[in-house]
Amino acid sequence: MVGVGGLVFRDVSKTYETPGGPLTVLQDINVAVAPNEFVCMVGASGCGKSTLLQCAAGLNRPSAGTITLDGEPVVGPSADRGMIFQSYTLFPWLTIEENVGFGLSLDGVSAAERRETIDRYLGVVGLTKFAKAYPRTLSGGMQQRVAIARGLANQPRVLLMDEPFGALDAQTRIVMQDFLLEIWRTTHISILFVTHDVEEAVYLGERVYVLRSNPGRVREELRPDFPGTRDHHLKRTTAFHSVVDDILDLLREEASAAM
Amino acid sequence: MLPLAVTAVILIGWALLSQYGKIPAMFLPSPTGVWHAFQALMADNYAADIRASITRVAIGFVAATICSIPVGLLMGSFGTVESMLAPVVGTLRYVPITALVPLLILWLGIDEAPKLAIIVLSTFFYNTIMIADAVRSVPRDFINVSYTLGATRLQVLRRVILPAAMPQIVDALRVNVAVAWNFLFIAELIAADSGLGYRLMMAQRTNASDQMFVALIIVAVIGFALDQAFRLAKKVLLPWSA
């Protein structure tokens, strides 16, 4: 898996036609995710970050510019680019294992091979004993772990995450952040992670893009460099908070200018 | 337990009213009178009429359902199909099916065909519109996530939209099968030589209110059984939807 999953946005803009005239939500976005890299994108609501992810997933089309994955242009949705949503998207009519195997069952992977992959990723997310359960019996955090397993089981080249922990309570969110870092360290899949939570972005991302709103543009690119492996102790260090505060200052300027 | 108690109270109230209420039996027969009428009708091959009515509803409703599921699915899923069909389906829904009866008899004669046509027409539009609604209420993110997992349009339709909408579709069918019964009676009252509606009309000619009650009770029992059957089917086939 080394060397795949390079996602590049080149001069990407998105404009919607509205009755009040054209509305630009994204303007000249130049952003890149290197293979195996964990990149976060942070910005206030309305900065177009979800639209940007949807364009990368192929669920939406940019009005201008190009998006490429490992040099190939993105033209529509495909299993190459997995996406995790904020809302719970497990299919309630399928069991946990059937949900995890959904993507594989679509292109006729043999039952035996599917079985093996499902077991592996249920193990990765630590939910093996819930294989036969239905989603509604699981907590929100568990459901998002299954959604991540379902995304990973497809072996996409890049994982697009749209505020995946936004609906979870604070404690679960912290656990899920560590869980995601752990997954990334074991699989080394490229991740583009969108959030409005600055701490979350700084904690998770090797690189962080700060977006400004109306229209959405890249305001700043940071490479928070913390020594050692990231774990929850990091959130108590001064170095961590100084990066978070810098970003909050940028966003505050932005917000007060908009008021 | 409670439904049984309510039924018992109604039966007792009815018995008391017919016994002591000074209402002529021609207007309100007693429960035992109705029971005797039922036995007399059964001796007169009433079972064949019950069968005839059930068969008409079954054929008509199944045909309407088979047609309305794909049309409703497509209408709910694709904007182009919706904008093509919505004016037609939406407008035809306001034409009382009863107003079509003379035309249907002219076109199809007075055999089984016009009766089935009335049932099919009366339920097809309601089914289609309700199924299209069910499809539209499938969460957008279910569809989006399926595409990012590599699903094609057809796979999204078959493996995501259809199962996601299924509980609401079953509910729509459960409600609309009652509509089918309604129109069965209209069909059989107008022109028939068999069926519960036909027998009801025969009863009217002789003011046999006990026989009318028999027909009403049988329809109520069948309707209740169907309703329970749909609920049970939903529980068994869609256990996740409770």
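Residues numbered from 1 in each chain as written. Chains lettered and ligands numbered in written order. Predicted model: local features only at pLDDT ≥ 70, side-chain atom pairs only at ≥ 80, totals over all residues.

A word on the packing of helix α3 (residues 46-77) of chain B against helix α6 (residues 112-136) of chain B
All names here are of chain B.
Now for step 1: Contact geometry of α3 with α6 gives a least axis separation of 7 Å together with a crossing angle of 30°. The two elements α3 and α6 meet at a crossing, and its hand is right-handed.
Now for step 2: Looking at the contact of α3 with α6 residue by residue, the class counts come to 18 nonpolar, nine polar and four charged. (Axes fitted to C-alpha atoms, helices over the stretch in contact; angles between N-to-C directions. Helix = DSSP H or I, 4+ residues; strand = E, 2+ residues; numbered from the N terminus. Left-handed = near helix turned anticlockwise from the far one by under 90°. Nonpolar A, V, L, I, M, F, W, Y, C, P; charged D, E, K, R; others polar.)

A word on the sheet that holds strand β5 (residues 72-73) of chain A
Residue and element names in this part refer to chain A.
Now for step 1: Here four strands make up an open sheet; going across it, the order is β2-β1-β4-β5 and the pairing antiparallel. Strands at the two margins of the open sheet, each flanked by one partner only, are β2 (21-33) and β5.
Now for step 2: Inspection of the sheet shows strand β1 (residues 7-18) paired to strand β4 (residues 64-69) by five bridges, in the antiparallel sense. If you follow Leu7 over to β4, its bridge partner there is Leu69. (Pairing = 2+ DSSP bridges.)

Regarding the packing of α3 of chain B against helix α9 (residues 196-205) of chain B
All names here are of chain B.
Now for step 1: Following both chains from N to C, one finds α3 and α9 inclined at 130°, their axes separated by 7 Å at the closest point. Viewed along their axes, α3 and α9 adopt a mutual orientation that is oblique. Contacts from Tyr46, Asp49, Ile50 and Ser53 of α3 reach α9 at Leu196, Gly197, Tyr198 and Arg199.
Now for step 2: Class assignment for the residues of the contact of α3 with α9 results in four nonpolar, two polar and two charged. (Parallel < 35°, antiparallel > 145°, perpendicular 65-115°, else oblique. Contact = placed C-beta atoms within 7 Å.)

Side note on the environment of Val88 of chain B
Now for step 1: Along the chain, Val88 of chain B turns up in helix α4 (residues 79-92).
Now for step 2: Separated by 80 residues in the primary sequence, Val88 of chain B and Ala8 of chain B have C-alpha atoms spaced 47 Å apart.

Notes on helix α7 (residues 140-148) of chain B
Since one α-helical turn is 3.6 residues long, residues separated by three or four positions face the same way.
Now for step 1: Of the residues making up α7 of chain B, those classed as buried are Asn144, Val145, Ser146, Tyr147 and Thr148 of chain B.
Now for step 2: Packing partners of the buried residues in α7 of chain B comprise α1 (49-57) and β6 (81-84) of chain A together with α8 (153-190) of chain B.
Now for step 3: Phi for Gly150 of chain B, located one or two positions after α7 of chain B, is positive at around 100°. (Buried ≥ 20, exposed ≤ 12 C-beta atoms within 10 Å, placed from the backbone.)

As for the domain arrangement of chain A
Accessible area lost on assembly of the parts is the figure often given for the size of an interface.
Residue and element names in this part refer to chain A.
Now for step 1: Domains assigned within chain A are domain 1 (7-80 + 157-258) and domain 2 (87-155).
Now for step 2: For domain 1 and domain 2, the distance between their C-alpha centres works out to 25 Å.
Now for step 3: At the interface, 12 residues of domain 1 touch 11 residues of domain 2.
Now for step 4: A per-element tally of the side of domain 1 that touches domain 2 places helix α6 (residues 170-187) first, with six residues. (Domains from an automatic or database assignment.)

A few points about the environment of Met201 of chain B
Now for step 1: The residue Met201 of chain B is located in helix α9 in this model.
Now for step 2: Along the backbone, Met201 of chain B and Leu149 of chain B are 52 residues apart, and their C-alpha atoms lie at a distance of 60 Å.

Here's the deal with the pairing of strand β9 (residues 207-212) of chain A
Residues and elements named next belong to chain A.
Now for step 1: Of all six residues making up β9, five are buried, and the element is well covered by its neighbours.
Now for step 2: The pairing of strand β3 (residues 38-42) with β9 spans four bridges and is classified as parallel. Bridge pairing in β9 links Met41 to Tyr209.
Now for step 3: Taken together, the five bridges between β9 and strand β10 (residues 217-222) define a ladder with antiparallel strand orientation. Within β10, the residue paired with Arg212 across the bridge is Arg217.

Let's talk about helix α1 (residues 2-20) of chain B
Residues and elements named next belong to chain B.
Now for step 1: For α1, built from 19 residues, the straight-helix expectation of 27 Å at 1.5 Å per residue is met to within 8% by its first-to-last C-alpha distance of 27 Å.
Now for step 2: Within α1, only one of the 19 residues are buried, which leaves the element largely exposed.
Now for step 3: Once α1 finishes, Lys22 follows within two positions and takes phi at roughly 55°, a positive value. (Expected span 1.5 Å × (residues − 1).)

Some thoughts on unusual backbone geometry
Now for step 1: Cis rather than trans, the peptide bond between Asn214 of chain A and Pro215 of chain A has omega equal to -10°.
Now for step 2: Mapped onto the secondary structure, Pro215 of chain A falls in the loop between β9 and β10.
Now for step 3: Backbone geometry places Asn45 of chain B, a non-glycine residue, at a positive phi of 65°.
Now for step 4: Turning to its location among the elements, Asn45 of chain B is positioned in the loop between α2 (31-43) and α3.
Now for step 5: Given 9 C-beta atoms within 10 Å, Asn45 of chain B falls into the exposed group.
Now for step 6: In this model, Asn207 of chain B sits at a positive phi of 50°, which is unusual for a non-glycine residue.
Now for step 7: The topology assignment puts Asn207 of chain B in the loop between α9 and α10 (209-237).

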